[in-house]
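Below are the chains, spelled out letter by letter.
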Amino acid sequence: NTINMQLNETFNHTQWELKSPKLKGYSENGEIPDATVLANITRLHDWCKGLTSKTIDFETTYSQYINIENWVDVFVFNQVVGNWDYYWNNQNYVSWDGLRWSIFVSDLDWTVGLGDSDPAGMQWRGSFDRNVMYPLLLSRIKTRYNELRNNGVLNLNSIYEIYAEIPAKFGQDLYFKD
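Here's what I pulled together on the structure shown here.

Analysis parameters
- Residue positions are counted from 1 within each chain, in the order its sequence is given.
- Local features in this predicted model are restricted to residues whose pLDDT is 70 or higher, and side-chain atom pairs enter the listing and the counts only when it is 80 or higher, whereas totals over whole chains, interfaces and linings include all residues.
- With hydrogens and water set aside, each side-chain value is computed from the structure's full complement of heavy atoms.
- Think of a nonpolar core as a cluster: buried Ala, Val, Leu, Ile, Met, Phe, Trp, Tyr and Cys residues, connected wherever their side-chain atoms sit within 4.5 Å.
- Partly exposed describes any residue whose relative accessible area lies between the buried limit of under 20% and the exposed limit of over 50%, with all areas from a 1.4 Å probe on protein chains only and scaled to the type maximum.
- Labels follow the DSSP assignment, with helices taken as runs of H or I lasting at least four residues and strands as runs of E lasting at least two, numbered in each case from the N terminus.
- Any two residues having at least one pair of non-hydrogen atoms within 4.5 Å are treated as being in contact.
- Basic side-chain nitrogens of Lys or Arg form a salt bridge, by our definition, when they fall within 4 Å of a carboxyl oxygen of Asp or Glu.
- Expected helix span is computed as 1.5 Å times (number of residues minus one).

Right, let's get into the nonpolar core. Core analysis: the largest hydrophobic core is formed by 33 residues, its most contacted members being Trp47, Phe58, Ile66, Trp71, Met133 and Leu137. For this core, the secondary structure elements donating two or more residues are helix H1 (35–53), helix H3 (68–81) and helix H5 (128–150). Looking at this core element by element, the count peaks at 7 residues for H5. Look past the residues within four positions of Met133 in its chain and what remains in contact with it is Leu51, Phe58, Ile66, Trp71, Phe75 and Phe128.

What follows covers the pattern of salt bridges. Taken as a whole and judged by the stated rule, the model has 3 salt bridges. With a shortest N-O distance of 2.7 Å, Arg144 and Glu147 are connected by a salt bridge. In this pair, Arg144 and Glu147 are both assigned in helix H5, 3 residues apart and thus about one turn of the helix distant. Given the relative accessible area of 23%, Arg144 is considered partly exposed. Ionic contacts of the salt-bridge type, sharing partners, join the residues Asp73, Arg144 and Glu147 into one network.

Okay, H3 next. Here H3 spans 20 Å end to end across 14 residues, near enough to the 20 Å set by a 1.5 Å rise per residue. Listed in full, the buried residues belonging to H3 are Ile68, Asn70, Trp71, Val72, Val74, Phe75, Val76, Asn78 and Val81. Taken from the residues just after H3, Gly82 is the one with a positive phi, measuring 70°.

Time to look at the side chain of Asn40. By the element assignment, Asn40 lies in helix H1. Relative accessible area serves as the criterion here: at 16%, Asn40 is assigned to the buried category. Look past the residues within four positions of Asn40 in its chain and what remains in contact with it is Asp97, Gly98, Leu99 and Trp101.

Keep in mind these numbers describe shape, not what the thing actually does.
Next comes the structure, spelled out in structure tokens:
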């Protein structure tokens, strides 16, 4: 499920899918048996809820909750490839210590004009990322985008080379199947 739909309520474990190789006794959308894990997830949820309601200051608290460099890079990446579906039901939050959270990209079937791509960004209107995080990170996103453009990472040739290498890395059969 997506964070934008649940921020007006208390964290409800049945609306989320949790995956951890270390968590024993958990089944999808079931009770979270580890009190520390539940507390850490609730902590992130409540921080996001506080940002949304503007009862928490982002600049003085973000370092306690998120890996900001990662979040900025994911925003840049999603915009470059047109990954608009990400903001609705493909958000993945990951933490190695339970306190600072990163996000990662998955489910790229609506990117670079494939599928029902949404270059106007209609898919992400109303989402937590669009209405809360994007404005808070915008200056950092612009700075990072310019840095990546200026050092040659984000240019048409480098992007084309990455896409051209995909079939070689995964094989033609898998590439065409996908």
